[in-house]
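Residue strings, one per chain:
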Amino acid sequence: MWNPRNIFNESKWLAAIITAIVIGIVVCAIDVINVDGNEEKYQISVIVDDSNSARWDSFQIGLRQAAREKGIRLNYVTTDFEASPEKEKVLIDQEIKNGADALIIQPCSENGAPDILSDIPEDICIELIDNELEIDNLVNKNISYIGADSDEIGTELAVRIKQEYGNFTGLRIGILAGNLKLTSNQERIDAFKRISRESGARIVFSVEATLLSEREIGELVKTNKADILVALDNDVTETAAEYIQKVENYNTYPSNEQKNVKLFGIGCSPENINNLDKGTTKGLIVINEYEMGYMAIIELSDKLMGRNSEVNNYTVGYTYATGDTMYDEGNQQIIFPIGE
């Protein structure tokens, strides 16, 4: 027998079910917003040398990934090549004035760099990258460092080249050091020279090379009859590869008689990776700059949010790759970082 009360009860249950579903959808939506769209509570400004250089591509991917996860407002400051400490100080002061709660800084040189940090307010957290400094005498103690172990990298490159040739004895090596204002580059070159000389190699030239053209590099190779070129930073490795390519293509190019010269370097830009793939560069150390950018944001975010008050330095990883090994699983994770 038809009973109006049964229909009423069924309608109540149906309404309750629909309400529960709607509430569930809303809760899920809020969870998604909390995970992927954190409200931006803090601003972190990033100041690095030659900020638009492709060497920072992986670093920027890591920065943006972590900033999105942590709800950080990220300001990546545009800078020139080889900025001076004075210019860097102006940028730092400007970012603090504009509301930066923390700063990620690549000090542009060792000399004068402590001065640019001397009067930064104590409540501003600072992460130094790629170029470690002596900070014991600074008032602001919220300063930590993140980067690769430069001594280890210089040693690793020398050992890898030695393994490639089996014996260093008699080999003539030309070194293109990169920007020697950076402590990290100086540590790399010191470690590389130490291991190479201990193994019997001869360093026939060692120059900063940041402003050298590929033709000038060729003249150095020709004059000193170098068998191996070693480039110790990203941009110098790119320029050295341009020289190698021209030697291979043009018989009239400087030091064309040195056609067997081999290039080994340090770098992470798309151009350097492409040159490794083509065989122009025989071996490349790639620093995990994605990790450097990602962890710099994570460390600072945790400090700003009161989750970590300790000042800890962080060492990022790296890999050595050749054209034959660059697509190995472990190497791919560093060479071709996936983010965003």
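Conventions we followed
- Residues numbered from 1 in each chain as written.
- Predicted model: local features only at pLDDT ≥ 70, side-chain atom pairs only at ≥ 80, totals over all residues.
- Heavy atoms only, no water.
- Phe/Tyr/Trp six-rings, centres within 6.5 Å; stacked < 30°, edge-to-face > 60°.
- Helix = DSSP H or I, 4+ residues; strand = E, 2+ residues; numbered from the N terminus.
- Lys NZ or Arg CZ within 6 Å of the ring centre and 35° of its normal.
- Pairing = 2+ DSSP bridges.
- Buried < 20%, exposed > 50% of the residue type's maximum accessible area, 1.4 Å probe, protein only.
- Right-handed = clockwise from strand over helix to strand, strands pointing away.
- Contact = heavy atoms within 4.5 Å.
- Axes fitted to C-alpha atoms, helices over the stretch in contact; angles between N-to-C directions.
- Left-handed = near helix turned anticlockwise from the far one by under 90°.
- Nonpolar A, V, L, I, M, F, W, Y, C, P; charged D, E, K, R; others polar.
- Parallel < 35°, antiparallel > 145°, perpendicular 65-115°, else oblique.

## What to know about the packing of aromatic side chains
Applying the stated criterion across every chain yields a total of 3 aromatic pairs. Considering the side-chain rings of Y290 and Y294, the 6.0 Å spacing of their centres and the 15° angle between planes classify their relative orientation as stacked. One end of the pair, Y290, and the other, Y294, are both in helix α10 (residues 289-304), 4 residues apart, so they sit about a helical turn from each other. With 5.7 Å between their ring centres and 10° between their planes, Y327 and F336 make a pair best called stacked. We note R55 situated over the ring of W56; from NZ or CZ to the ring centre the distance is 3.6 Å.

## Notes on the sheet that holds strand β11 (residues 314-315)
Within the open sheet, the 6 strands sit side by side as β2-β1-β3-β4-β5-β11. Their pairing is parallel. One side of each edge strand has no neighbouring strand; the edge strands of this open sheet are β2 (72-76) and β11. In terms of strand pairing, strand β5 (residues 143-147) meets β11 through 2 bridges, oriented parallel. Residue pairing in the sheet places G147 in a bridge with T315 of β11.

## Focus: the side chain of N272
Along the chain, N272 falls in helix α9 (residues 270-278). Relative accessible area serves as the criterion here: at 0%, N272 is assigned to the buried category.

## Description of the environment of G283
Note that G283 resides in strand β10 (residues 283-287). G283 gets classed as buried once you look at its relative accessible area, which sits at 0%. Along the chain, G283 and L263 lie 20 residues apart, while their C-alpha atoms are 7.3 Å from each other.

## A few points about the pairing of strand β6 (residues 172-176)
The element β6 is largely enclosed, with a buried count of 4 among its 5 residues. Alignment of β6 against strand β7 (residues 202-207), held across 5 bridges, turns out to be parallel. Among the inter-strand pairings, I173 is bridged to a residue of β7, identified as I203. In the classification by handedness, the crossover that spans β6, the intervening helix α6 (residues 183-198) and the parallel β7 is right-handed. Where β6 meets strand β8 (residues 228-231), 4 bridges bridge the pair, whose relative direction is parallel. Residue pairing across strands places G174 opposite L229, the latter belonging to β8.

## Quick look at the environment of L74
Relative to the helices and strands, L74 resides in strand β2. Along the sequence, L74 and L63 sit 11 residues apart, while their C-alpha atoms lie 8.1 Å from each other. In this structure L74 touches I44, V46, L63, R64, A67 and I297, once residues within four positions along its chain are discounted.

## Describing the packing of helix α5 (residues 150-165) against α6
The N-to-C vectors of α5 and α6 enclose an angle of 35°; their axes lie 7 Å apart at closest approach. Crossing of α5 over α6 shows right-handed handedness. Residues S150, D151, G154, T155, L157, A158, V159 and I161 of α5 touch α6, and the partners they reach there are S184, E187, R188, A191, F192, R194, I195 and S196. Of the residues in the contact of α5 with α6, the class split is 7 nonpolar, 5 polar and 4 charged.

## Let's talk about the packing of helix α2 (residues 57-70) against α10
The geometry of α2 relative to α10 is characterised by a closest axis approach of 6 Å and an angle of 30° between their N-to-C directions. Of the possible angle classes, the one that applies to α2 and α10 is roughly parallel. Considering how the two elements wind past one another, α2 and α10 form a crossing that is right-handed. Where α2 abuts α10, its residues S58, F59, I61, G62, L63, Q65, A66, A67, E69 and K70 lie against E289, Y290, M292, G293, Y294, I297, I298, S301 and D302. When the residues that make up the contact of α2 with α10 are grouped by side-chain class, the tally is 10 nonpolar, 5 polar and 4 charged.

## Structural notes on the sheet that holds β8
Across the sheet, which stays open at both edges, the 6 strands sit in the order β7-β6-β8-β9-β10-β12 with mixed pairing between neighbours. Edge positions in the open sheet fall to β7 and β12 (318-321), since each of these has one partner strand only. Each neighbouring strand pair of the sheet contributes to a mean axis angle of 15°, computed without reference to strand direction.

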